[in-house]
Amino acid sequence: MANDEDVPQPALREVRIDKRQVRVLAHPLRMRLIGALRVKGPATATTLAELLGTNTGATSYHLRQLAEVGLVIEDPDRGSGRQRWWQAAHDVTNWEPSDFDDDPDARAAIEWIQGDQVRLLAETADRWFATQHEWSPAWRDGFGMSDTLMTIPLARLDELKNEVWQLLERYRQEAETADPTDPEAQPVQIFLAAYPLREGL
């Protein structure tokens, strides 16, 4: 009998977004649609509208916009008749901010996306603060944020981020093969950030 290490893990589907994709993605509902499809799996526009508190017409329109640039695709195995099922085309979206230096519109779009990530982090933290009393002491100790300060060359910072990402990806793959009925398991969102230390601390 093969152990877990012998079982091939599904490859992480990544996309390094281009200028056209980033301009389409920089929209509040489209960001939420991509996130919902990645977390919840394939869904119809109606299901996504109910999940995200919007209407089916808007959801259908924005799914088509995302499909035009290859960020979502139809799930042909699930569709029947007029009902269209959609799925995320990738698991992870990658970019470097400097990818868009020569295109002001794309640069503005990526700056909006980065700001949206920060807003999401703040909203996630606010929800946690409002509901943490509902969790066990062990989970309250497990969740939360921490930080560290260091002086480091750019090349080493890149190495650090890559190593941390590889570690997170290993844990993600292990979680995908874990027992989905495990009562001790909870969905967790992990943010990774590195910023220059401001002066005057």
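Placed above this text is the structure.
Procedures and definitions
- Residues numbered from 1 in each chain as written.
- Predicted model: local features only at pLDDT ≥ 70, side-chain atom pairs only at ≥ 80, totals over all residues.
- Heavy atoms only, no water.
- Salt bridge = Lys/Arg side-chain N within 4 Å of Asp/Glu carboxyl O.
- Helix = DSSP H or I, 4+ residues; strand = E, 2+ residues; numbered from the N terminus.
- Buried < 20%, exposed > 50% of the residue type's maximum accessible area, 1.4 Å probe, protein only.
- 1 Å grid on protein atoms, 1.4 Å probe; cavity = no way out; pocket = protein on both sides within 12 Å on 5 of 7 lines; lining within 4 Å.
- Points joined across faces, edges and corners; volume = space filled by probe spheres on them.
- Nonpolar A, V, L, I, M, F, W, Y, C, P; charged D, E, K, R; others polar.
- Pairing = 2+ DSSP bridges.
- Contact = heavy atoms within 4.5 Å.
- Axes fitted to C-alpha atoms, helices over the stretch in contact; angles between N-to-C directions.

Draft legend 1. Expanded view of the pattern of salt bridges. Inspection of every chain in the model, using the stated rule, returns nine salt bridges. Note that Arg16 is salt-bridged to Asp99, the shortest N-O span being 2.9 Å. Residue Arg16 is located in strand 1 (residues 14-16), and its partner Asp99 is located in the loop between strand 5 (92-94) and helix 5 (104-131); the two are separated by 83 residues in the primary sequence. Judged by its relative accessible area of 27%, Asp99 falls in the partly exposed class.

Draft legend 2. The arrangement of the layout of surface pockets in detail. Looking at the second largest pocket, its volume works out to about 180 Å³. Forming the walls of the second largest pocket are Thr44, Ala45, Thr46, Thr47, Ser60, Arg64, Arg82, Gln83, Arg84, Trp85 and Trp86. Split by residue class, the lining of the second largest pocket holds three nonpolar, five polar and three charged.

Draft legend 3. Structural context of the sheet that holds strand 4 (residues 85-88). If you walk across this open sheet you meet the three strands as 2-4-3, and the pairing is antiparallel. Strands at the two margins of the open sheet, each flanked by one partner only, are strand 2 (43-44) and strand 3 (72-74). As paired elements, strand 2 and strand 4 share two bridges and run antiparallel to each other. Paired with Ala43 across the two strands is Trp86, which belongs to strand 4. Running over the sheet, helix 2 (residues 28-40) touches strand 2, strand 3 and strand 4 and is turned about 90° from strand 4.

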